[in-house]
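Next come the chains, spelled out residue by residue.
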Amino acid sequence: MDGRRRNPYELTDESPVYVISVAAQLSGLHPQTLRQYDRLGLVSPDRTAGRGRRYSARDIQLLRTVQQLSQDEGINLAGIKRIIELEHQVAALQSRVAELSAAVEGAAVAMRQREAQVHASYRRDLVPYQEVQQASALVVWRPRRGEGGQ
């Protein structure tokens, strides 16, 4: 998705709809843990005008991932933050590679079309070049007297 919604009421994975108590229930974490993760920058929910947190489905999935990395893998919160940053960077780079690949493909198509136009514009009365065989005969030219300015 390009970030613009057709319908302002359409819910997506990024739609901030869950208050902290519901997000805590859905993620299996304590609300205080969610606040700590927010302070550390691990999971940053959207804020309402009154500064209340609103979590999206994607935020809740990220909360579960943070908890899994912390408890099952034994990674500390600083390491998890770095992992999340690197995953975001990889996603951005993959997106950029896709954009550049599309641009290169578009340029290649345009080049092939232009090449076809050039070939179509060739004159058909031209004779193809064929390499001339070298003869072994030696021709000597001698000007007649009176020719050549003498």
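Computed from a prediction, not measured in an experiment: that's the story for all the values here.

Caption draft 1: View of the packing of helix H1 (residues 20-27) against helix H3 (residues 57-71). Remark: H1 packs on H3, axes separated minimally by 9 Å, with the N-to-C direction vectors making an angle of 50°. When the axes of H1 and H3 are compared, the pair comes out oblique. Viewed along their axes, H1 and H3 form a crossing whose handedness is right-handed. Residues Ala23, Leu26 and Ser27 of H1 form the contact with H3, whose own contacting residues are Ile60, Leu63 and Arg64. The residue makeup of the contact of H1 with H3, split by class, is four nonpolar, one polar and one charged.

Caption draft 2: Structural detail: unusual backbone geometry. Although it is not a glycine, Arg51 adopts a positive phi angle of roughly 75°. Mapped onto the fold, Arg51 is located in the loop between strand E1 (46-47) and strand E2 (53-54). For Arg51, a relative accessible area of 55% puts it in the exposed group.

Caption draft 3: Spotlight on the side chain of Arg53. Tracing the chain through its elements places Arg53 in strand E2. For Arg53, the side chain forms a polar contact with the side chain of Asp38, separated by 2.7 Å. Ignoring anything within four residues of it in the chain, the contact list for Arg53 reads Tyr18, Val19, Ile20, Arg35, Asp38, Pro45, Asp46 and Arg47.

Rules behind the numbers
Residues numbered from 1 in each chain as written. Predicted model: local features only at pLDDT ≥ 70, side-chain atom pairs only at ≥ 80, totals over all residues. Heavy atoms only, no water. Axes fitted to C-alpha atoms, helices over the stretch in contact; angles between N-to-C directions. Helix = DSSP H or I, 4+ residues; strand = E, 2+ residues; numbered from the N terminus. Parallel < 35°, antiparallel > 145°, perpendicular 65-115°, else oblique. Left-handed = near helix turned anticlockwise from the far one by under 90°. Contact = heavy atoms within 4.5 Å. Nonpolar A, V, L, I, M, F, W, Y, C, P; charged D, E, K, R; others polar. Buried < 20%, exposed > 50% of the residue type's maximum accessible area, 1.4 Å probe, protein only. Polar contact = N/O pair within 3.5 Å; in protein donor to acceptor, adjacent residues only side chain to side chain.

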